[in-house]
Amino acid sequence: MTPDPPVKEQQRAAALYFRDEWQPNVEKVRFTQDGRRPAAGASWRANAIATVDGSEYHVIISPDLGPSFVGGDGRPPEAPTPAPHLALTLVYSDGTSEVIE
């Protein structure tokens, strides 16, 4: 089994997958942990807080699976069609950040 890419690469890929496939109106993703594979053969995933329309949602995201919303704050509202193009702020688990236009 090949090793996973570095944590920041995994987190960036997970945030972009979340935005592109599930929540195009996400404004910010802040990772609250490095992320890991919970079992042999399972997909890598990490806990994060996603900001959508000014509200925060606790989510578990992965670069190749749909999100799980946790913590009792529900799911974000559906994105309007067509979804607006928003800049995405990523805050990595190590405290560094970047903005993706």
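Computed from a predicted model, the values in this text were never measured in an experiment.

A.B. asks: Would you explain the side chain of Gln23 in this entry?
C.D. replies: Tracing the sequence through the fold places Gln23 in the loop between helix H1 (7-22) and strand E1 (26-31). With near-sequence residues (within four places) excluded, Gln23 lies in contact with Phe18, Val52, Pro76, Pro77 and Ala79.

A.B. asks: When you look at the sheet that holds strand E4 (residues 68-70) in this model, what are you seeing that I'm missing?
C.D. replies: Sheet strands line up and pair through hydrogen bonds in the backbone, either parallel or antiparallel. What the six strands build is an open sheet, ordered E4-E3-E2-E1-E5-E6; its pairing is mixed. Taken across any chain shown, the strands that pair with only one partner, and hence form the sheet edges, are E4 and strand E6 (97-100). In this sheet, adjacent strand axes meet at a mean angle of 25° when their direction is disregarded. Bridge analysis of E1 against strand E5 (residues 88-91) gives three bridges, and the strand direction is parallel. Along E5, the bridge assignment pairs Val29 with Leu90. Along the sheet, H1 contacts E1, strand E2 (46-52), strand E3 (55-61), E4, E5 and E6; its crossing angle with E1, the most-contacted strand, is approximately 150°.

A.B. asks: I tried to follow the packing of aromatic side chains on my own but got confused; where do I start?
C.D. replies: Aromatic rings in a pair are described by how distant their centres are and how their planes are angled relative to each other. Scanning the model with the defined rule gives one aromatic pair in all. Geometrically, the ring pair formed by Phe18 and Phe69 is tilted, given 6.4 Å between the ring centres and 55° between the ring planes. With Phe18 in helix H1 and Phe69 in strand E4, the pair connects residues that are 51 residues apart, well separated along the chain. Since its relative accessible area comes to 1%, Phe18 is described here as buried. Lying across the ring of Tyr92, Lys8 places its NZ or CZ 5.0 Å from the centre.

A.B. asks: I'm lost on H1 in this one. Help?
C.D. replies: An α-helix turns once every 3.6 residues. As a result, residues three or four positions apart point the same way. When the terminal C-alpha atoms of H1 are compared, their 21 Å separation across 16 residues agrees well with the 22 Å that a helix rising 1.5 Å per residue should span. Every buried residue of H1 is listed here: Gln10, Gln11, Ala14, Ala15, Leu16, Phe18 and Arg19. Structurally, H1 contributes buried residues whose contacts are with E1, E2, E3, E4, E5 and E6.

A.B. asks: Looking at this structure, how should I read the nonpolar core?
C.D. replies: In a soluble, globular protein the nonpolar side chains are often hidden away together inside. Formed by 20 residues in total, the largest nonpolar core has its most connected members in Phe18, Val29, Phe31 and Ile61. Ignoring sequence-local partners within four residues, the contact set of Ile61 consists of Ala14, Ala15, Phe18, Val29, Phe31, Trp44, Arg45, Ala46, Ala48 and Pro67.

A.B. asks: Even after reading the chapter, I still don't get the pairing of E5, so can you show me in this structure?
C.D. replies: Moving residue by residue along a regular strand, the side chains alternate between the two faces of the sheet. Two strands pair when backbone bridges link them, and E5 and E6 are joined in this way by four bridges, in the antiparallel orientation. When the bridges of E6 are listed, Leu90 appears paired with Glu98. Between E5 and E6, which pair antiparallel one after the other, the connecting turn spans five residues, and Gly95 there sits at a positive phi close to 95°.

Rules behind the numbers
Residues numbered from 1 in each chain as written. Predicted model: local features only at pLDDT ≥ 70, side-chain atom pairs only at ≥ 80, totals over all residues. Heavy atoms only, no water. Helix = DSSP H or I, 4+ residues; strand = E, 2+ residues; numbered from the N terminus. Contact = heavy atoms within 4.5 Å. Pairing = 2+ DSSP bridges. Axes fitted to C-alpha atoms, helices over the stretch in contact; angles between N-to-C directions. Phe/Tyr/Trp six-rings, centres within 6.5 Å; stacked < 30°, edge-to-face > 60°. Buried < 20%, exposed > 50% of the residue type's maximum accessible area, 1.4 Å probe, protein only. Lys NZ or Arg CZ within 6 Å of the ring centre and 35° of its normal. Expected span 1.5 Å × (residues − 1). Core = buried A, V, L, I, M, F, W, Y, C linked by side-chain atoms within 4.5 Å.

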